[in-house]
Amino acid sequence: MSAAVHPFWLDPMQMLLVSVGVFLLGGLASLLLGGRERAAIRVSGVAGIVGALAGLWSGCRSLVGPVHGFDIASPFPFAHFVLRLDPFSGLLVAVISLLALVTAIYSFAYVREYIGRGVGPMGFFLNFFVAAMLLVVTSDNAFWFIVFFEMMSLASYFLVIFDQNQEAVSAGFLYFVVAHAGSVAIMAAFFLMANVTGSFDFATFRVATIPSPVNSIVFVLAFLGFGAKAGIIPLHIWLPRAHPAAPSHASALMSGVMIKIGVFGIVKVGVDLLGASNGELWWGLWVLFFGAISSVLGVVYALAEHDIKKLLAYHSVENIGIILLGVGVGMIGLAIGSPVLAVLGFMGGFYHLLNHAVFKGLLFLGAGSVIYRLHTKDMEKMGGLARAMPWTALSFLIGALAISAIPPLNGFVSEWYTYQALFAAALSDSWAARIATPIAAVMLALTGALAVMCFVKAYGVIFSGPSRNPHMAEIREVPRPMVVGMALLAAACVALGLAAPIVAPIMGKIAAATAGVPQITLASGIMLIPGNAHQAVLSTPLVAILLLAMAVLPLVLKAALTGTGRPASRRGAAPWAAGYLPDSHMPVTAASFAQPIRMFFRPLYSMRNDLSRGWVWLACAFEGFVAWARRTEPRWDNEIIAPVVDGTENVGRRLQAIQGGDFRIYCLYIVVALVVLLALAVR
Amino acid sequence: MFPDLAHFALAILQAILVLLAAPLVSGMSRVIRAKMHTRQGPGLLQDYRDLVKLMQRQDVWPPDAGWVFRAMPVILMATLLVIATGIPMFTRFSPNSVCGDLITTIYLFALARFFLGLSGIDSGSSYAGIGSSRELTVGVLVEPTMLLSLFVAALLAGSTDLGTISSAIAAGRCHSIMAAVIAGVAFAFAIYVELGVLPYDMAEAEQELQEGPLTEYSGRSLAILKWSLALKQTIVVGWFIGLFLPFGAAVSLSPAALVLGFLAFAAKLLVIFAVVGVVSNSVARTRFRFMPRHSWAGVGVASLAFVFYLVGL
């Protein structure tokens, strides 16, 4: 353990241990306080805030700093308990902590909804879930990595089934099956590497040269295992069912950060652990392919949803796809020996990873606030909520603009870098990259246009227009802690976009450190530069200033040309309905708004049904297996144990015949026995 | 490069000139339509008179409309003006290159479209809602063609900066002339769809949807909105001219070159709008459900440009 930087402050690794400790203690305390529910909410929330602040400090400090390690002997002789904080895991620690902080603030009010349904265990699972994620991203030993990975999956499984209704339990079961199928693939990948190196330490994996076919097998296994966690298509099927079932602040954590651990794993294995054995070009193309497919299909499926949380969950699939586009270009860059491409690709992916955590967390919290008031997830029963819940509406709008990659917000900046990475790859010498990357860019553009449509629909149908809810009069803004949670993330969306000239070089450093190549120029003054200024330049602060300044022009025009006399504006009667009396069924609904897309992209929807049929078949097969086991288990009882028990009982019953209850008969037995024994002895 | 003061002044000047010219351009379409119908029709300046007249009228909002509905015309115009600063129109370089990247321009158009679409739902009118659904759907369908054709042009120039593409094409500095020409054709198709005129008049179809997202606007807001839509038409055509027909545009900031560049731009703009006017008045509206056939054809042409780029013909 390295020495403390300052006698008072702890170094990042010590701070991380403090953070994990606080989360674990907070979880246990919340469980023990089970009966006193308000106290449990408070303890779990305060522990979340303290732990998250410590984690945030630790993560931010290790973004640019040196690598910190921690190593103690564990009860298992083959696996030391090793932690490692490098810039990439520092980024993940910071992202996890940021979301944990916001959800902890949000939970003070939100969890009151669950009083009487076991808030103690909820605080326990939530805090353990965060602690497990912090340990997964920092553990540096395959055995402990798997242990914490399982702990993370289990804690989140219990959050998914928290509502205990039929839908939640069946979604949880599917999640459980897919998560464990993924773990098996990851374990197999680690065992293959351990087989070559003879150790479970990542440090030895990192320097070992793994021979050619084995390294590709390891990569594909890890990609599938972590891909199932990340929710890439076609391994996504659990995601749109499990995320909506969990309580909304848990959904924010699952969608915002847990699926990023899938991406983290792919980069960890493909770039960090297999770094010494030189990745092949097709790995990057493979990642690019799945990224492009996931991004387009994720948003196409999201458009057809009218359950707000399912819609957001499908958008997570889309954004994982976008992150993988960046990562794919980075891996191509490493394979063809172009450090500029590697840094540009990885930094685009990492930047989007951070951004997606922020705006998806925000959108899930916004959805949670709406559900908190309306008690429904169905968008068709919402509408016009902006009047009753102005702060929720404004935060959700900022999140919607950010996820649609609207300049100058954060989603746009990371997508811009991803486009620039794809463009740079299209100019490279590799023919495969020259063909693949422009196609991926087109997919990304299509994704962007569909995302705009989807979020116009989401915001519009929930917050705009006439209300379709009969209880509209009673609806008011959510309590202050929930507003503060959302406002923090909304501010982060704006800040990460406008302060891109500061953030981008940090992301570049993380990318360069992860890929092991030199840093490139990513910003100068208030300009963003993708490696070289000839390729393109962008300045989000200037775009923001110009947008504000240009808005003055139409206002001046209005003021200058307005007539005098009557008031310039007034609220009129009902909207024009071609002469008919307007009623609440006339305005567009979530379904009718997306109907053209459902019509034009019909083949993609039928493909989803075929795909999910495959998974449903797997789940059915598993359920069949369980049922068979259930039938078979009594058979063991009936056919082997029961006859033995029955036989013994029969013998006992027969023996009862000689138990007369009269002590003289027992004396007679003793005499007979003595005579028999004597006779035997004498003979 | 970060724009210096001279470039910045040119950028603002360009945006304001385009804004002032926009009603003239839309007025010209009306004149051409009247001529083709052999009727007298309005004068060339009729759209200016209409705007001034609308500005005097009262703004009436539907009862359910929120601030999005009210703010949309201003947001739309402001966004379009920012786009206008970054596109090379009178020059072969972008006057405001930090907003003049092809990705930034496409996504700024998305910002405009986001609020235009949202206002349709916010108005509470069913026609406006369907209009905004169509507006966004057309945006989805045309996006692949637009991006791929621009991407090919950018690959030819080695940069996504609009000014660099413009000067590369003007100087013939690209290794595949055919690819540039075909990309230009595909981009022209995408631009034509973005103009929102027949046969692709989907979102604001008067006869079908009572002008779609415009249905509930009136008075000052309608004036700003109509002006913005004319501005958008002028900007997208200016975008096409700047990238694929940059001939005659200024290469430096000298006043003489700028004036010549401006005149050349005005001439090209008028010719293109005359052609658009003739085409749009001689066709019928495409049925909305057949729109994908047309847009896939556009993607096909753009892909052809990409293939030509790859083989380097």
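This structure is a prediction, so every number in the text was calculated from the model and none was measured. (Residues numbered from 1 in each chain as written. Chains lettered and ligands numbered in written order. Predicted model: local features only at pLDDT ≥ 70, side-chain atom pairs only at ≥ 80, totals over all residues.)

1. Let's talk about the overall build of chain A
(1) Moving on: Secondary structure summary: chain A contains 25 helices and five strands in total.
(2) Moving on: Based on the C-alpha atoms only, the size of chain A along its principal axes is roughly 135 × 70 × 60 Å.
(3) Moving on: For chain A, with 683 residues in total, the buried portion stands at 56%.
(4) Moving on: Restricting the contact set of chain A to residue pairs at least 6 apart, pairs at least 24 apart contribute 80%. (Helix = DSSP H or I, 4+ residues; strand = E, 2+ residues; numbered from the N terminus. Buried ≥ 20, exposed ≤ 12 C-beta atoms within 10 Å, placed from the backbone. Contact = placed C-beta atoms within 7 Å.)

2. What to know about the domain arrangement of chain A
(1) Moving on: On domain assignment, one finds that chain A holds domain 1 (1-140), domain 2 (168-279), domain 3 (281-549) and domain 4 (602-682).
(2) Moving on: Between the C-alpha centres of domain 3 of chain A and domain 4 of chain A there is a distance of 60 Å. (Domains from an automatic or database assignment.)

3. A closer look at helix α10 (residues 255-280) of chain B
All names here are of chain B.
(1) Moving on: End to end, α10 covers 37 Å across 26 residues, agreeing with the expected 38 Å (1.5 Å per residue, within 8%).
(2) Moving on: Within α10, the full set of buried residues consists of Gly261, Phe265, Lys268, Leu269, Phe273, Val276, Gly277 and Ser280.
(3) Moving on: Elements in contact with the buried residues of α10: α1 (5-36), α7 (177-195) and α9 (219-244). (Expected span 1.5 Å × (residues − 1).)

4. Some details on the interface of chain A and chain B
(1) Moving on: Between chain A and chain B, the contact holds 75 residues from the first and 71 residues from the second.
(2) Moving on: At the level of secondary structure, the elements contributing two or more residues to the side of chain A that touches chain B comprise α14 (385-388), α16 (410-426), α17 (431-463), α20 (540-550), α21 (552-561), β5 (569-571) and α23 (595-600) of chain A.
(3) Moving on: Examining the composition of the side of chain A that touches chain B, we find that 16 residues originate from one element, α17 of chain A, more than from any other.
(4) Moving on: For the side of chain A that touches chain B, a count of residues per class yields 55 nonpolar, 14 polar and six charged. (Nonpolar A, V, L, I, M, F, W, Y, C, P; charged D, E, K, R; others polar.)

5. Quick notes on unusual backbone geometry
All names here are of chain A.
(1) Moving on: Looking along the chain, the bond that leaves isoleucine 233 and enters proline 234 is cis, with omega of 10°.
(2) Moving on: Its place among the elements puts proline 234 in the loop between α8 (212-230) and α9 (239-245).
(3) Moving on: The peptide bond linking proline 407 to proline 408 adopts the cis configuration, its omega dihedral lying at 5°.
(4) Moving on: Tracing the chain through its elements places proline 408 in the loop between α15 (390-403) and α16.
(5) Moving on: Its identity is not glycine, yet glutamine 164 carries a phi of approximately 65°, on the positive side.

6. Details of α1 of chain B
Residues and elements named next belong to chain B.
(1) Moving on: With 32 residues, α1 ought to run about 46 Å at 1.5 Å a step, and its terminal C-alpha atoms sit 46 Å apart, in line with that.
(2) Moving on: Within α1, the axis deviates most sharply at alanine 21, by approximately 35°, and proline proline 23 lies no more than four positions further along.
(3) Moving on: The secondary structure elements touched by the buried residues of α1 are α2 (46-56), α3 (67-86), α9 and α10.
(4) Moving on: Phi turns positive, to about 45°, at threonine 38, one or two residues after α1. (Bend = angle between axes of the 7 residues up to and from the residue.)

7. Brief notes about the confidence of the model for chain B
Residues and elements named next belong to chain B.
(1) Moving on: Model confidence for chain B is summarised by a mean pLDDT of 90, while 98% of its residues fall at 70 or above.
(2) Moving on: Per-element averaging of pLDDT across chain B places helix α8 (residues 206-209) at the bottom with 69 and α3 at the top with 94.
(3) Moving on: In the predicted complex, the global pTM is 0.90; the interface-specific ipTM is 0.94. (pLDDT = per-residue confidence, 0-100.)

8. Some thoughts on the packing of helix α2 (residues 37-61) of chain A against helix α3 (residues 87-110) of chain A
All names here are of chain A.
(1) Moving on: Interhelical geometry of α2 versus α3 gives an angle of 155° and a closest axis separation of 8 Å. By the angle between their directions, the pair α2 and α3 is classed as roughly antiparallel. Where α2 crosses over α3, the handedness of that crossing is left-handed. (Axes fitted to C-alpha atoms, helices over the stretch in contact; angles between N-to-C directions. Parallel < 35°, antiparallel > 145°, perpendicular 65-115°, else oblique. Left-handed = near helix turned anticlockwise from the far one by under 90°.)

9. Regarding the nonpolar core
(1) Moving on: The biggest cluster of nonpolar side chains holds 366 residues, and the ones touching the most others in it are Phe129, Met133 and Cys493 of chain A together with Val152 and Ala153 of chain B.
(2) Moving on: At 22 residues, the largest contribution of residues to this core is made by α17 of chain A. (Core = buried A, V, L, I, M, F, W, Y, C linked by C-beta atoms within 7 Å.)

10. A few points about the confidence of the model for chain A
(1) Moving on: Looking at chain A as a whole, the pLDDT averages 88, with 96% of positions reaching at least 70.
(2) Moving on: Residue range residues 1-5 of chain A is modelled with pLDDT below 50. Its contacts to residues more than four positions away, or to other chains, number eight contacts.

11. Observations regarding the environment of methionine 347 of chain A
Residues and elements named next belong to chain A.
(1) Moving on: Relative to the helices and strands, methionine 347 resides in helix α13 (residues 339-374).
(2) Moving on: Using a count of 33 C-beta atoms within 10 Å as the deciding quantity, one classes methionine 347 as buried.
(3) Moving on: With 21 residues separating them in the primary sequence, methionine 347 and glycine 326 have C-alpha atoms 7.5 Å apart.
(4) Moving on: Once you skip the residues sitting within four places of it in the chain, methionine 347 turns out to touch Tyr417, Met507, Gly508, Ala511 and Leu522.

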